[in-house]
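# Working through the structure, step by step
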Amino acid sequence: MNRRRTPRRISHSQRRHAPTGEWRQRNQEQWRGEDRGPVRQEEGEIPEQQRKGAVPRGTCPTMCPAHELQAREKQNRLHRFEMLAGTERYKRPTGDPLRAVKEYSRPAAGKDATNPIELRPPAVLRKTVCYLIDEIAASPNLHPWTEVYSFVFDRLRGVKQDMIIQRVSGLDCVSILEKTVRFLIYASFRLCGEPLRLYDPRINDTHLQEYLSWLFDCYAVRTELHPNEEEFQALGLLYNLGSTLATQHIVTLPKQLRSTPAIKLALSINRAFLERNPVRLLRLTQKLNFLQCCALHRHLVTCRRDLLHIFSHGYSSRNCHFPLDRLAQLLFLDKSLTAQLCLDYGVEVSQGNHVIFSKAAFTEPEQGKVRCKLYHSIVAEKNKDLTVGSIINGF
């Protein structure tokens, strides 16, 4: 019980702005790697044969089993990304075997999910993930990206399903999980603020947390450090800033790993977050690369809110006029967005471009009024000369 307690000095920030206790409890199970079994059983992904010890081996040589492709053609359930060029306007478009990808589906009663000809072996699964990233997610010709995300997200679930049934492990598993985690972290930034009908951040978060937990379990059985482990351990902590379980996970890593630059920087940022030191946190954020900023970005609204709240108490005086330019520098925003953020929290901005802080005037805005997407400049500025493919592939 003592390990779960949070210091009183950080409780206000976490209680008001951090994930709920239920969310943290769920993630506690995920970080331990204990919930993947129950979750997969609930999704119908662990068949009875596997639980009894029989592990099937897939023999399907293509990204989509021939039987499924034929069935979806007849049922007119092909995605437009899977249609043979020139047949898109047909009443029943033809599926392209080189573009069709097995979709995720909950096993139905009487359906054998372990049929080898319906399962893709690890080499085909890796090929499938590379196709989804390089030819779909990274394509400049496919849009809108909300549809791209929906298609890739579903097909990656299908990949996960085949992996679980076959108990894929080792380097094959790590390679697939790393690309998937990068994709979901990037999507959490790119699609931030999109309507819920097009992108649900809670669903993305749920799956991202599970993939992270699964990946860390793979790392835990290592005989030596994986080449990309530093990157993903740091991403996991940045994504889960303020989480006691995420911090405990990091401090149990080998000293050699904890001493790497990316993890040391993530720990410093996490400490600034826990200590409610937003000035230091935002300054340290400048040292992060683009994908690390994508992982961190969902905490920026809380961080900037804390800065305004602290200054509203520390500089609470009608005679104290804080320069708007200086506040913009501390928040790493331009002047217009800084002024808008101040107004959202009840902080007065004078016509002379000065901020007048008052602890009595500081108010919490209505839920959803402060839109995270408006304040993405600190992340977007790092996306220079980067392609989606290079981001997700880790180049």
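Within each chain, residue numbers correspond to sequence positions counted from 1 in written order. Selection of residues for local features in this predicted model requires a pLDDT of at least 70, selection of side-chain atom pairs for listing and counting requires 80 or more, and totals for whole chains, interfaces and linings are taken over all residues. Note that the side-chain values use all heavy atoms of the structure and ignore hydrogens as well as water.

### Brief notes about helix α13 (residues 261-274)
Note the cut-off: For the purposes of this entry, the term helix denotes a DSSP run of H or I that reaches at least four residues, the term strand denotes a run of E that reaches at least two, and both are numbered from the N terminus. Helices are assigned an expected span. That span is 1.5 Å times one less than the residue count. Three exposure classes are used, based on accessible area relative to the maximum for each residue type with a 1.4 Å probe and protein chains only: buried under 20%, partly exposed in between, and exposed over 50%. We call two residues in contact when some of their heavy atoms are within 4.5 Å.
With 14 residues, α13 extends 20 Å between its outermost C-alpha atoms, agreeing within 8% with the 20 Å of an ideal straight helix rising 1.5 Å per residue. Residues of α13 that are buried include every one of Ala262, Ile263, Leu265, Ala266, Ile269, Asn270, Ala272 and Phe273, and no others. Buried-residue contacts for α13 involve α10 (229-239), α11 (244-251), α12 (255-258), α14 (278-285), α15 (290-296) and α16 (300-314). Positive backbone phi, at 55°, marks Arg276, one or two positions downstream of α13.

### A short note on the nonpolar core
Here is the rule we go by: Nonpolar cores are built from buried Ala, Val, Leu, Ile, Met, Phe, Trp, Tyr and Cys residues. Side-chain atoms within 4.5 Å join them into one set.
Residues Trp145, Tyr149, Val152, Phe183, Ile269, Leu308 and Leu327 are the most contacted members of the largest nonpolar core, which totals 99 residues. A per-element tally of this core places helix α8 (residues 170-190) first, with eleven residues. Beyond its immediate chain neighbours, meaning those up to four positions away, Trp145 contacts Ala137, Phe183, Tyr186, Ala187, Arg190 and Leu191. Among the nonpolar cores identified, the runner-up in size contains five residues, and Leu69, Leu78, Met83 and Ala100 belong to it.

### Re the sheet that holds strand β3 (residues 354-356)
One key point about sheets: their strands pair by backbone hydrogen bonds, in either a parallel or an antiparallel sense. This is how the line gets drawn: What makes two strands pair is DSSP finding at least two bridges between them.
Spatially, three strands are ordered β1-β3-β2 in an open sheet, and the strand pairing comes out antiparallel. The open sheet has two edge strands, β1 (322-323) and β2 (348-349), and neither has a second partner. Bridge count between β1 and β3: two bridges; the pairing is antiparallel. Paired with Phe322 across the strands is Val355, a residue of β3.

### Details of unusual backbone geometry
Going from His143 to Pro144, the amide bond is cis rather than trans, its omega being 0°. The residue Pro144 is located in the loop between α6 (122-137) and α7 (145-166) in this model. Here the phi dihedral of Arg167 falls at roughly 55°; this positive angle occurs in a residue that is not glycine. Note that Arg167 resides in the loop between α7 and α8. In the Ramachandran plot, Arg276 falls in the positive-phi region, its phi being about 55° despite a non-glycine side chain. Positionally, Arg276 belongs in the loop between α13 and α14. On the basis of relative accessible area, Arg276 is assigned to the buried category, the value being 17%.

### With respect to the pattern of salt bridges
As a reminder, the rule being used: Any Lys or Arg side-chain nitrogen located within 4 Å of an Asp or Glu carboxyl oxygen qualifies as a salt bridge.
Considering all chains together, one arrives at 20 salt bridges under this definition. Note that Asp172 and Arg126 form a salt bridge whose closest N and O atoms lie 2.2 Å from each other. Here Asp172 is found in helix α8, whereas its partner Arg126 is found in helix α6, with 46 residues between them in sequence. Look at Asp172 and you get partly exposed, because its relative accessible area is 25%.

### Remarks on the state of the cysteines
Put simply, the test is: When two cysteine sulfur atoms are found within 2.5 Å, that pair is recorded as a disulfide.
Tallying each qualifying case throughout the model produces zero disulfides. Between Cys173, a cysteine without a disulfide, and Cys218, which holds the nearest cysteine sulfur, the sulfur-to-sulfur distance is 3.6 Å. Given the relative accessible area of 0%, Cys173 is considered buried. In this structure Cys372 is a free cysteine whose sulfur lies 3.8 Å from that of Cys192, the closest cysteine sulfur available.

### Re the packing of α6 against α8
Using the following cut-off: Between the N-to-C directions of two axes lies an angle of 0 to 180 degrees, each axis being a line fitted to C-alpha atoms and, for a helix, fitted only over the stretch in contact. For classification purposes, an angle smaller than 35 degrees is called roughly parallel, one larger than 145 roughly antiparallel, one from 65 to 115 roughly perpendicular, and anything else oblique. Take the far helix as the reference: if the near one is turned anticlockwise from it by less than a right angle, the crossing is left-handed, and if turned clockwise, right-handed. For this classification, Asp, Glu, Lys and Arg are treated as charged, while Ala, Val, Leu, Ile, Met, Phe, Trp, Tyr, Cys and Pro are nonpolar and the rest, including Gly, are polar.
Packing of α6 against α8 leaves a shortest axis separation of 9 Å and a crossing angle of 20°. One way to sum up the angle between α6 and α8 is to call them roughly parallel. Of the two elements, α6 crosses α8, and the hand of that crossing is left-handed. For the pair α6 and α8, contact is made by Pro122, Leu125, Arg126, Val129, Cys130, Ile133 and Ala137 and by Asp172, Ser175, Ile176, Lys179 and Phe183, respectively. Here the contact of α6 with α8 is built from residues that sort into eight nonpolar, one polar and three charged.

Interpretation in functional terms is not warranted from these geometric data alone.
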